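Close look at the chain arrangement
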Amino acid sequence: SDDGNHSDSKQNNEYDNWFKPKMDKKKLKELSKRRSLPGIISIVLYFASLILTGYLAYYTWGTYWTILWFWIYGTIFAFSGSFEHECRHRTFFKQRWLNDVFQYILSYMTFRETVVMRWTHALHHSYTLSTKDPHDFEIQVDRPSKLFQFYMSLIPFGQLFWIHKSLFVQTLKCSLGFIPKAIIQTVPNKNIWLLKLNSRIQILFYISVFLLSIFYLSPLPVLYILLPYYYGNTLLFLTGYTQHAGLAFDVKDHRVNTRTVILNPILSWLYCKMDYHMEHHMFPMVPWYNLPKIHECIKDQLPKPNKGLISAYKDIVPVIIKQAFNPSYIPDRKIPNL
């Protein structure tokens with residue numbers, strides 16, 4: 001992105017409506033078709049990689065090698081959030097029930113409650129980076145940018161400094177019947193009972209894992225199930241922040257508030273192709289495996305994507321530093337003249 005400083009009035013005049021790229025309707029219908037085979041292959045490979053790295057961490061237990069293997073295991077484990085996200089959209093498999101089953105399983109790995117995530121995420125797509133009512137509750141909207149929190153979140157266990165704001169504590173509060181205001185404003189009242197039930201089952205599961213560790217006097221259950229999301233978060237957060245970090249708030253144009261980054265094949269697979277994030281926001285019902293094809297169809301209408309994480313963070317870091325001292329600062333985006 002090129003640097004610039006747009007006033008709010010200029011943004012509102014230019015981006016009053018969500019940008020809709022020109023796309024052949026027949027092609028879009030074809031790319032929107034859901035298939036289960038890609039999801040089945042991907043989920044099998046994902047859990048196989050977890051089992052393999054988990055076994056190697058256990059096999060090397062008591063040596064320094066176990067640190068490496070637990071870090072790799074935790075890194076893969078943390079990306080369960082990407083798979084859960086795609087199941088949440090019900091585009092990971094063709095069958096709705098299969099998406100729902102795996103969303104529940106993967107939600108336990110990421111401390112997410114399924115009812116909350118489904119409704120807040122719908123709001124995130126409808127009002128991306130909105131700081132006005134209705135809010136985009138999934139995005140940190142208070143400014144200036146909290147640089148210390150940003151950098152610490154990329155360090156293993158760094159999230160624990162803000163555990164009181166975590167999804168785990170949110171689920172704990174819901175399990176006790178203390179529903180946060182943001183959730184009350186987002187989740188329909190008729191779904192609150194299910195939200196409470198899910199939260200209570202999840203918290204009981206986490207307590208059971210903790211008690212298992214105490215019973216066997218072993219840290220392994222906690223290391224394998226409760227802590228991986230916290231010690232293996234670095235790569236997930238580095239990829240996740242590229243979606244919207246350092247871009248414009250309160251602008252109705254995904255070309256301006258969302259970023260596409262072309263990642264290497266392995267990381268892109270772990271991330272369920274969410275590196276094609278502009279395309280995902282513009283066509284949220286297109287399955288993950290077809291997002292690269294969507295990109296090829298509309299790339300001439302979009303800003304050029306970053307190639308890799310280093311390229312993305314060359315854009316992101318200078319902007320969030322400037323926003324820390326000047327909350328109104330917004331970078332220019334090179335948008336093609338259509």
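Residues numbered from 1 in each chain as written. Predicted model: local features only at pLDDT ≥ 70, side-chain atom pairs only at ≥ 80, totals over all residues. Heavy atoms only, no water.

**Notes on the packing of helix 7 (residues 114–126) against helix 11 (residues 192–215)**
Where helix 7 contacts helix 11, the two axes come as close as 8 Å, and the packing angle between them is 130°. Classified by the angle between their axes, helix 7 and helix 11 sit oblique to one another. Residues Thr114, Val115 and Val116 of helix 7 form the contact with helix 11, whose own contacting residues are Leu194, Leu195 and Asn198. In terms of residue class, the contact of helix 7 with helix 11 is made up of 4 nonpolar, 2 polar and no charged. (Axes fitted to C-alpha atoms, helices over the stretch in contact; angles between N-to-C directions. Helix = DSSP H or I, 4+ residues; strand = E, 2+ residues; numbered from the N terminus. Parallel < 35°, antiparallel > 145°, perpendicular 65-115°, else oblique. Contact = heavy atoms within 4.5 Å. Nonpolar A, V, L, I, M, F, W, Y, C, P; charged D, E, K, R; others polar.)

**Re the pattern of salt bridges**
Evaluation of the coordinates by the stated rule reveals 7 salt bridges. Between arginine 255 and aspartate 253 there is a salt bridge, with its nearest N and O atoms 2.7 Å apart. Take aspartate 253: its relative accessible area is 2%, and that puts it in the buried class. A salt bridge links lysine 299 to glutamate 296, with the shortest nitrogen-to-oxygen separation between them at 2.9 Å. With a relative accessible area of 48%, glutamate 296 lands in the partly exposed category. Overlapping salt bridges, with partners in common, bring together Arg90, Arg96, Asp100 and Arg118 in one network. (Salt bridge = Lys/Arg side-chain N within 4 Å of Asp/Glu carboxyl O. Buried < 20%, exposed > 50% of the residue type's maximum accessible area, 1.4 Å probe, protein only.)

**A word on the environment of leucine 212**
Positionally, leucine 212 belongs in helix 11. With a relative accessible area of 41%, leucine 212 lands in the partly exposed category. Between the C-alpha atom of leucine 212 and that of isoleucine 335, which follows or precedes it by 123 residues, the distance is 55 Å.

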